[in-house]
Amino acid sequence: MRIKLTLGLDDDALVAVANTRHGIEAWRPLPPPDRLVMDGVVDRLRTPRDAVAFLRALEIAIPSAVPTAEQLVRLRDVRECARTLAEGDRRGFTRRLTKLLGDVRVTVAADGALRTGSGGWDAFADALSVALVDLDERRRRVRLCHNAACAWLFIDVTRNNSQVWCTAQLCGDRLRVRRARRRAAG
């Protein structure tokens, strides 16, 4: 008998939380307010309201309440763990993941669903922490956009594992235009 374990959330939620820190050119799905931008980096987990607004704009199923300061810290830890993986720092990823999973307690239901003993944002962060284990298995496909002013995290779904921009229409075009202008300027 084989049991398939399920988390109750998909890659979209983990990628969305990982993208709560990004560059100023990755404005989607909504432009960042100036108060969230520091040194060209946008931090959407700076306040609970900004975190909720961003994740809802990405259509992620999140708890109805706003997260506490402590829960925001856990979401930041999840974010930094995923981004560390995308940057290729296996040692840092493993260290961060071990810390995140240290407090997670899950049970396996008869249908194979993993359940945590917590609720709300704590359960959301627990599920994201466990999802990082699955993300590690696909680490060669986890990337940051090559547009440094974007730095959007994505999972490469191309056949030959060759995607370098979050979207060719946005960042790909921007970088191609910049290169062409540099060549023309000479």
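What counts and what doesn't
- In every chain, residue numbers begin from 1 and rise along the written sequence.
- The predicted nature of this model means local features are confined to residues of pLDDT at least 70 and side-chain atom pairs, given and counted, to a pLDDT of 80 or more, with totals for whole chains, interfaces and linings taken over all residues.
- Derived side-chain values reflect all non-hydrogen atoms in the structure, with water molecules and hydrogen atoms excluded from consideration.
- Here, nonpolar core means buried Ala, Val, Leu, Ile, Met, Phe, Trp, Tyr and Cys residues that are tied together by side-chain atoms lying within 4.5 Å of each other.
- Each residue's exposure class comes from its accessible area (1.4 Å probe, protein chains only) as a fraction of the maximum for that residue type: buried when under 20%, exposed when over 50%, partly exposed otherwise.
- Counting from the N terminus, the helices are the DSSP runs of H or I reaching at least four residues and the strands are the DSSP runs of E reaching at least two.
- Contact between two residues is taken to exist if any of their heavy atoms lie within 4.5 Å; hydrogens are not considered.
- DSSP bridges decide pairing: two strands pair if at least two such bridges lie between them.
- Only the six-membered ring of Trp is used, alongside the rings of Phe and Tyr, when aromatic pairs are assigned; centres must lie within 6.5 Å, and planes under 30 degrees apart are stacked while those over 60 apart are edge-to-face, with the rest tilted.

Caption draft 1: How the structure looks around the nonpolar core. Counting 43 residues, the largest nonpolar core has Leu55, Leu75, Phe124, Leu128, Leu132, Leu135 and Cys145 as the members making the most contacts within it. Where this core is concerned, the elements lending two or more residues are helix H1 (11-18), helix H2 (48-57), helix H3 (69-86), helix H4 (90-101), helix H5 (120-137), strand E6 (142-144), strand E7 (153-155) and helix H6 (168-185). Ignoring anything within four residues of it in the chain, the contact list for Cys145 reads Cys150, Ala151, Trp152, Phe154, Val164, Trp165, Cys166 and Cys171.

Caption draft 2: The sheet that holds strand E1 (residues 21-23), seen in detail. With antiparallel pairing, three strands are arranged side by side in an open sheet as E1-E3-E2. Strands with a single pairing partner mark the edges of an open sheet, and in this sheet they are E1 and strand E2 (37-38). In this structure, E1 lies alongside strand E3 (residues 41-43), joined through three bridges in antiparallel fashion. In the strand pairing of E3, His22 is matched with Val42.

Caption draft 3: Structural context of the packing of aromatic side chains. Going through the model one piece at a time under the given rule, you end up with two aromatic pairs. Ring centres 6.3 Å apart and planes at 70° place the aromatic pair Phe54 and Trp152 in the edge-to-face group. In this pair, Phe54 is assigned in helix H2 and Trp152 in the loop between E6 and E7, connecting sequence segments 98 residues apart. In this structure Phe54 comes out as buried when scored by relative accessible area, which is 0%.

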